[in-house]
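Structural features, examined
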Amino acid sequence: MTRLVAFLAPRFPGLSARVRACGEEDRMLLLSADSRTRLELKTTGGRLRISLQDIVEDHSDHPDWHSLNALVAELELHRSVSEHVPVAIWRQEPDGRVVWGNAAYWSLAERMETVADLSPGQFPQVFKDLTNTLVASESAHRLQLKLPGESERLWFEVSACTLGADSVFTAVPADTVISAERKLREFTQTLTQTFAHLSVGLAIFDRKRQLTLFNPALGDLLGFDAEFLVARPNLMRFLDQLRERHMMPEPKDYKTWRQQMSDLEAAAAERSHSETWPLPDGRTFRITGRPHPDGAVAFLFEDISAEITLSREFRVELETGQAVIDTMDEAIAVFSADGRMTFANRAYARLWNLENESKTDIVTFIDASRRWQQACMPSPVWGDARDFASEMSGRTTWHAEVRLANGRKVACRFEPLPGGGTMAGFTQAQLQLFKANGTDQGDAVTTAVGHV
């Protein structure tokens, strides 16, 4: 109360005395020093009520003094904001004449050299031929300005709104956006040109699973028309087309296929995922899915039919070679340059009692030579054999003879192979004796093996 009285006292002389003089159920009126405000003091039930009221000489619709001050302050605020905002804003009449523009608009007009011949009170016209179409549209339009005497062009996102019969326009600088879009477009074109020379089909789907990038090899491999790919189909429509064209393994039912495709998408979105698809036409595709930033996913389609055919032919050759050496009487084992056994025939397994051994264990030349040494009588041959296998050059074929623990002789042959490999061959002397006597070979093998 004391603070309020002290605040009002300069405008209402004698206010402090009047407040002290107020009694019960009393009412007083005071006039301000400028005679524009009336103050009422009223006491009721021990409470003092102070009211302020502006004195209006007439009953017109003009705002009171406080409202007028508030309106002026708000107007100054709006003017300050419009002058300091870094976006060009202007107002123009239906005939296109500009009637107001902020500081950013005037700065842009000076750069365009449109302010030299203006009459007093006239505003420059920076953007020409802005029609009602722009005003009626809800989205912004991109417009460009060419600076006089320069090759540089300024880009703006121009939007408009109606204000009575006039229109208010806003031009937001878009040079950064245009530059970023151009760089992205150039980068995309570079990627497209790079991918165009790949024989692997590439399809990149964005986070909404819309096709955003593909290369010509994709259409060539899958038989898709360019119109279909340019239309940016989503992933499930893309896979549906693959199924209709029989470019994927035929599932038992559509529900199972849909689930398989959902699993493929989920696996590719989380980590690198690869599948092999044998097609009904005999070809084989390798499908690789890789996750990309921002939830995108890329699929690579590769025709590996030639690779699969070559692998099958190579496997057949290996099986044929294995079958051939299995028919030989000589026990043969082949070791690679690093000393690991790559294959051995049946005669080798029978000679060294390895028929029940696991074929998945890695056996080195040293392991095998120790096995040979344990099955034979003491001989320096095995140490020489290990030295022979460890040498990389200057090797020649050499022969030796050892005796098994049962006393039978075994002729040993060690051959250097291309690439640093080694072949070890073992022939029982008794088997050769049977051959020399003209005994049937099959019976000889059975007899020799039976006594080992």
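Structural data are supplied above this passage.
From a predicted model like this one, the values you see are computed outputs, not experimental measurements. (Residues numbered from 1 in each chain as written. Predicted model: local features only at pLDDT ≥ 70, side-chain atom pairs only at ≥ 80, totals over all residues. Heavy atoms only, no water.)

Turning next to the overall build of the chain. Broken down by element type, the chain carries 16 helices and 18 strands. Per-residue burial for the chain yields a buried fraction of 32% across its 452 residues. Here the chain displays about 28300 Å² of accessible surface, and carbon together with sulfur accounts for 53% of that area. (Helix = DSSP H or I, 4+ residues; strand = E, 2+ residues; numbered from the N terminus. Buried < 20%, exposed > 50% of the residue type's maximum accessible area, 1.4 Å probe, protein only. Areas by Shrake-Rupley, 256 points an atom, 1.4 Å probe, with all protein chains shown as cover.)

The subject of this paragraph is the sheet that holds strand β7 (residues 153-163). What the five strands build is an open sheet, ordered β5-β4-β8-β7-β6; its pairing is antiparallel. The sheet is open, and its two edges are formed by β5 (98-101) and β6 (141-146), each paired on a single side. Along the sheet, successive strands turn relative to each other by an average axial angle of 30°, direction set aside. Examined bridge by bridge, β7 and strand β8 (residues 166-173) share eight bridges and lie antiparallel to one another. Looking at β8, one finds that Thr-162 is bridged to Ser-167. Packed on one face of the sheet, helix α6 (residues 175-195) meets β6, β7 and β8 and runs near 125° to β7. (Pairing = 2+ DSSP bridges. Axes fitted to C-alpha atoms, helices over the stretch in contact; angles between N-to-C directions. Contact = heavy atoms within 4.5 Å.)

Tracing the backbone through its elements, the reader meets Arg-209 in the loop between β9 (201-205) and β10 (211-214). Along the backbone, Arg-209 and Met-236 are 27 residues apart, and their C-alpha atoms lie at a distance of 8.3 Å. Once residues lying within four places of it in the same chain are set aside, the contact partners of Arg-209 are Pro-233, Asn-234, Leu-235, Glu-265, Ala-269, Gly-295, Ala-296 and Val-297. A polar contact of 2.9 Å, which involves the side chain of Arg-209, links it to the backbone oxygen of Gly-295. (Polar contact = N/O pair within 3.5 Å; in protein donor to acceptor, adjacent residues only side chain to side chain.)

Take the nonpolar core next. Membership of the largest hydrophobic core comes to 26 residues, with the highest contact counts inside it found for Leu-222, Phe-238, Leu-242, Trp-277, Phe-299 and Phe-301. Only β9, α7 (216-222), α8 (226-230), α9 (235-244), α10 (254-270), β12 (284-291) and β13 (297-303) provide two or more residues apiece to this core. For this core, the element with the most residues is α9, which contributes five residues. (Core = buried A, V, L, I, M, F, W, Y, C linked by side-chain atoms within 4.5 Å.)

Here we take up the pairing of strand β2 (residues 37-44). Across the two faces of β2 the burial differs, with Thr-37, Leu-39, Leu-41 and Thr-43 buried and Arg-38, Glu-40, Lys-42 and Thr-44 not buried at all. Linking strand β1 (residues 27-31) back to β2 in an antiparallel pair, the connection comprises five residues, with Ser-35 at a positive phi of about 60°. Pairing between β2 and strand β3 (residues 47-54): eight bridges, direction antiparallel. Bridging across to β3, Thr-37 finds its partner in Asp-54. Linking β2 to β3, which pair antiparallel, is a turn of two residues; within it Gly-45 sits at a positive phi near 60°.

In short, the description is geometric, and any link to function would need to be established separately.
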